[in-house]
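# Structure assessment
Residue-level listing of the chains:
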Amino acid sequence: MRAVVTVTGSDRRGVVAKVSNFLFERNVNIEDISQTILGDQFAMIMMVDTSESKIEFSALAEELEAKGKEIGMTVRLQHAAIFDAMHNV
Amino acid sequence: MFNHTDVLETIEMVEKEHLDIRTVTMGISLLSCIRGSGKETADAVYDRVMKKAQNLVKTADGLSREYGIPIVNKRVSVTPVSLITAAFPEKSALVGKALDRAAGELGIDFLGGYSALVHKGTADYEEIFLKTIPEVLAQTERLCSSVNVGSSRSGINMDAVAEMGGIIKRAAELTGEKDGLGCAKLVVFCNAVEDNPFMAGAFHGVGEADTVINVGVSGPGVVQHALKFAPEANLTEAAEIIKRTAFKITRAGQLIAKEAASRLNTRFGIVDLSLAPTPARGDSVAHILQELGLEVVGCHGTTAALAMLNDAVKKGGVMASSQVGGLSGAFIPVSEDIGMIESATAGKITLDKLEAMTCVCSVGLDMIAIPGDTPDTTISAMIADEAAIGMINNKTTAVRVIPAPGKKVGDEVSFGGLLGRAPVMPVHGGDSGKFIRRGGLIPAPIHSFKN
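Residues numbered from 1 in each chain as written. Chains lettered and ligands numbered in written order. Predicted model: local features only at pLDDT ≥ 70, side-chain atom pairs only at ≥ 80, totals over all residues. Heavy atoms only, no water.

## Points about the overall build of chain A
Tallying secondary structure elements over chain A gives three helices and four strands in all. For a compact globule of 89 residues, the expected C-alpha radius of gyration is about 12 Å, and chain A comes in at 13 Å, within 12% of that figure. For chain A, the spread of C-alpha atoms along the three principal axes comes to 35 × 35 × 20 Å. Scored against the burial criterion, the 89 residues of chain A give a buried share of 51%. For chain A, the share of sequence-separated contacts (at least 6 apart) that also reach a separation of at least 24 residues comes to 66%. Working note: accessible area of chain A is about 4,400 Å², and carbon and sulfur atoms make up 48% of it. (Helix = DSSP H or I, 4+ residues; strand = E, 2+ residues; numbered from the N terminus. Rg over C-alpha atoms; globule rule 2.2 N^0.38 Å. Buried < 20%, exposed > 50% of the residue type's maximum accessible area, 1.4 Å probe, protein only. Contact = heavy atoms within 4.5 Å. Areas by Shrake-Rupley, 256 points an atom, 1.4 Å probe, with all protein chains shown as cover.)

## Observations concerning helix α9 (residues 235-263) of chain B
Residue and element names in this part refer to chain B. For α9, spanning 29 residues, the distance from its first C-alpha to its last is 42 Å, which sits close to the expected 42 Å at 1.5 Å a residue. Its side-chain oxygen 3.0 Å from the backbone nitrogen of T236, N234 forms the N-cap of α9. Backbone geometry just after α9 places N265 at a positive phi near 55°. (Expected span 1.5 Å × (residues − 1). Polar contact = N/O pair within 3.5 Å; in protein donor to acceptor, adjacent residues only side chain to side chain.)

## Some words on the pattern of salt bridges
One pass over the full model with this rule turns up 29 salt bridges over all chains. Between E9 of chain B and K248 of chain B there is a salt bridge, with its nearest N and O atoms 3.0 Å apart. With E9 of chain B in helix α1 (residues 4-16) and K248 of chain B in helix α9, the pair connects residues that are 239 residues apart, well separated along the chain. What makes E9 of chain B partly exposed here is its relative accessible area of 29%. A salt bridge links R400 of chain B to E336 of chain B; the nearest nitrogen and oxygen atoms lie 3.5 Å apart. Note that R400 of chain B is positioned in strand β10 (residues 397-404) and E336 of chain B in the loop between α11 (302-320) and α12 (338-345), a separation of 64 residues in sequence. On the accessibility criterion, R400 of chain B (4% relative accessible area) is buried. On the accessibility criterion, E336 of chain B (12% relative accessible area) is buried. Shared partners join several salt bridges into a network, and the residues in it are E25, R26 and E63 of chain A. (Salt bridge = Lys/Arg side-chain N within 4 Å of Asp/Glu carboxyl O.)

## Things to note about the pairing of strand β4 (residues 74-79) of chain A
Residues and elements named next belong to chain A. Extensive coverage of β4 is indicated by the burial of five of its six residues. Taken together, the six bridges between strand β1 (residues 2-9) and β4 define a ladder with antiparallel strand orientation. What sits directly across from T6, in β4, is R76. (Pairing = 2+ DSSP bridges.)

## Describing the environment of C299 of chain B
All names here are of chain B. Inspection of the secondary structure assignment puts C299 in the loop between α10 (285-291) and α11. In the structure, C299 is positioned 51 residues away from T350 in sequence and 9.6 Å away in space, judged by C-alpha atoms. If we skip the residues at most four places from it in the chain, C299 touches L294, K348 and K353.

## Observations regarding the nonpolar core
Residues V49, L99, L309 and L354 of chain B are the most contacted members of the largest nonpolar core, which totals 156 residues. Among the elements that make up this core, the one with the highest residue count is α9 of chain B (twelve residues). Discounting residues that sit within four places of it in the chain, L99 of chain B has contacts with L30, V45, V49, V78, V81, L111 and L143 of chain B. In this structure, V15, M44, L60 and L77 of chain A belong to the second largest nonpolar core, which totals 20 residues. (Core = buried A, V, L, I, M, F, W, Y, C linked by side-chain atoms within 4.5 Å.)

## Concerning the pairing of strand β11 (residues 412-416) of chain B
Residues and elements named next belong to chain B. Of the two faces of β11, the one holding V413 and F415 is buried and the one holding E412, S414 and G416 is not buried anywhere. Where β11 lies against strand β12 (residues 420-423), four bridges are found, and the strand directions are antiparallel. Each residue of the ladder has a partner; that of V413, found in β12, is A422. The hairpin formed by β11 and β12 contains three residues between the paired strands, and G417 there has a positive phi angle of roughly 60°.

## Looking at a nonpolar patch on the surface
There is a patch of nonpolar side chains on the surface, built from L31, I34 and V206 of chain B and spanning about 240 Å² of accessible area. If you trace the backbone, V206 of chain B turns up in the loop between β6 (186-190) and β7 (211-217). (Patch = residues over 30% accessible without salt bridge, like charges linked within 9 Å, V, L, I, M, F, W, Y side chains within 5 Å.)

## A word on the interface of chain A and chain B
The interface of chain A with chain B comprises 29 residues on the first partner and 24 residues on the second. Interface area for chain A against chain B, summed over the two sides, is near 2,500 Å², with a carbon-plus-sulfur share of 71%. Joining chain A to chain B, the criterion identifies one salt bridge. Joining chain A to chain B, the criterion identifies nine residue pairs in polar contact (both at pLDDT 80 or more). Elements represented by at least two residues in the side of chain A that touches chain B include exactly β1, β2 (29-38), β3 (41-49), α2 (57-70), β4 and α3 (80-87) of chain A. Per element, the largest residue contribution to the side of chain A that touches chain B is eight residues, and it comes from α3 of chain A. (Buried area = accessible area lost by both parts, 1.4 Å probe.)

## What to know about α1 of chain B
All names here are of chain B. Between its terminal C-alpha atoms α1 stretches 17 Å, which fits the 18 Å expected from 13 residues at 1.5 Å a residue. Among the residues of α1, those classed as buried are D6, V7, L8, T10, I11, M13 and V14. Sitting at the head of α1, N3 places a side-chain oxygen 3.0 Å from the backbone nitrogen of T5.

## Let's talk about the sheet that holds β2 of chain A
Taken in spatial order, the four strands line up as β2-β3-β1-β4 (chain A) in an open sheet, and their pairing is antiparallel. Bordering the open sheet on either side are β2 and β4 of chain A, each of which pairs with just one other strand. Here the strands of the sheet are splayed against their neighbours by 15° on average, with no regard to which way each runs. Strands β1, β2, β3 and β4 of chain A of the sheet are contacted by α1 of chain B, whose axis makes an angle of about 75° with β2 of chain A. (Axes fitted to C-alpha atoms, helices over the stretch in contact; angles between N-to-C directions.)

## Section: the packing of aromatic side chains
Residues and elements named next belong to chain B. What the rule picks out here adds up to two aromatic pairs over all chains. Residues Y114 and F129 carry aromatic rings whose centres are separated by 4.6 Å and whose planes lie at 35° to one another, so their mutual orientation is tilted. Of this pair, Y114 sits in strand β3 (residues 110-117) while F129 sits in helix α6 (residues 124-139), and the two are 15 residues apart along the sequence. F129 matches Y114 in its accessibility class, with the two residues each being buried. (Phe/Tyr/Trp six-rings, centres within 6.5 Å; stacked < 30°, edge-to-face > 60°.)

Shown next, in the form of structure tokens:
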């Protein structure tokens, strides 16, 4: 299943490595990744495939959220379909 | 890959601008539950609702987590109960209580459909049913009631209108210790719709499929935020901004509705394209109107601004959903909208202005506290005025007023939660009694003859 991981916050040090590694350990494949700075905020957006994930989607979302707290960032995992629906006709 | 702006815009809408799915409402037909007695029917109704909606809350919560968009309310609407209890109307309360018990056990916040459709005439069993409404609302927690007293095709049943004034008063008196909370769960309609997912007016029409999922979207904060970035836009441009925003909001609703229906093994019914406010700051329809340039909602220009907003929301939403229905438009409840509460408290918006606004938005006089000693006939006359607006303009109108027991103009009622709080507003003092006591049917308007 295609999903989007977004990471936002003010501290960018090691964020890509930490989140990527976290996803790798759970067998979630990263298909695309991009980063941007919005004012003093760092934002990273990852397109991932969760179909081979070791754990089910909502548990993965909860673990990612917890990981975010651990590294001082806000991390979300959402179905890609919500962005598709809202921004593509 | 999506661009950054799109992804972050959605996240901002949810986290900062109160974008949410306001309700996922499962409509359930109760026609198959009619048995030989009130007790047996109540048992059958309870069993059916428990069975059909058993996974509603779990499914909606799962969708909310996976898509990252809050689903605020999970609700159920049912076939108008007066039809189910027609053979033993005096036992209607048994069914009402069974529905309330089911709602509690399912973990949903409201269940709608303790209703009667009497727009052309009140049958004997409906007369008895209507009289049960105040007691049932006082003795239940989650049950909502609605009565349709008129339509553009049939005219206005003024006997029922006369009756409803007293029923509203009684519902308030029986819940006097809670500021008349019973009335917050009772709506009187003209042109009621059969697929409305919003409360208190939701019921599952007899023309509907066995079970359906209807979804109500929201997002006044998102619209207001979008307009903030265009302070100099003319109203054509502002309408375009609202349309684009409504499109995005509705697409989210459509996605959730389809997915919920699929997971619950049910039909997708409609998406209701409404802007539904809450008492939270940043979630107000009144503040959208103020963002358009009005100093305070209720001043001259409010009706025009609301007309534009309502129309633009529909135009944006219609393209975003395969099936649109319900009330679809902007809601203007007083107690549930912080901008309305502030304006009403400051005396800047009156009942007359609210009545004018109901000509151009999707609902009617909604969640308005009035003095507890307002005569029954005055409440009936308010209903008649609203029903006339609905009948002549081919739109849904409604009255949900709370004659707060023991309260007078300037006092406040407070219901808490999404129902909010409201100042008691003045009503006109002239006596409408003789007009209301005439009864009969206001005939359907000439433009109803379309066949």
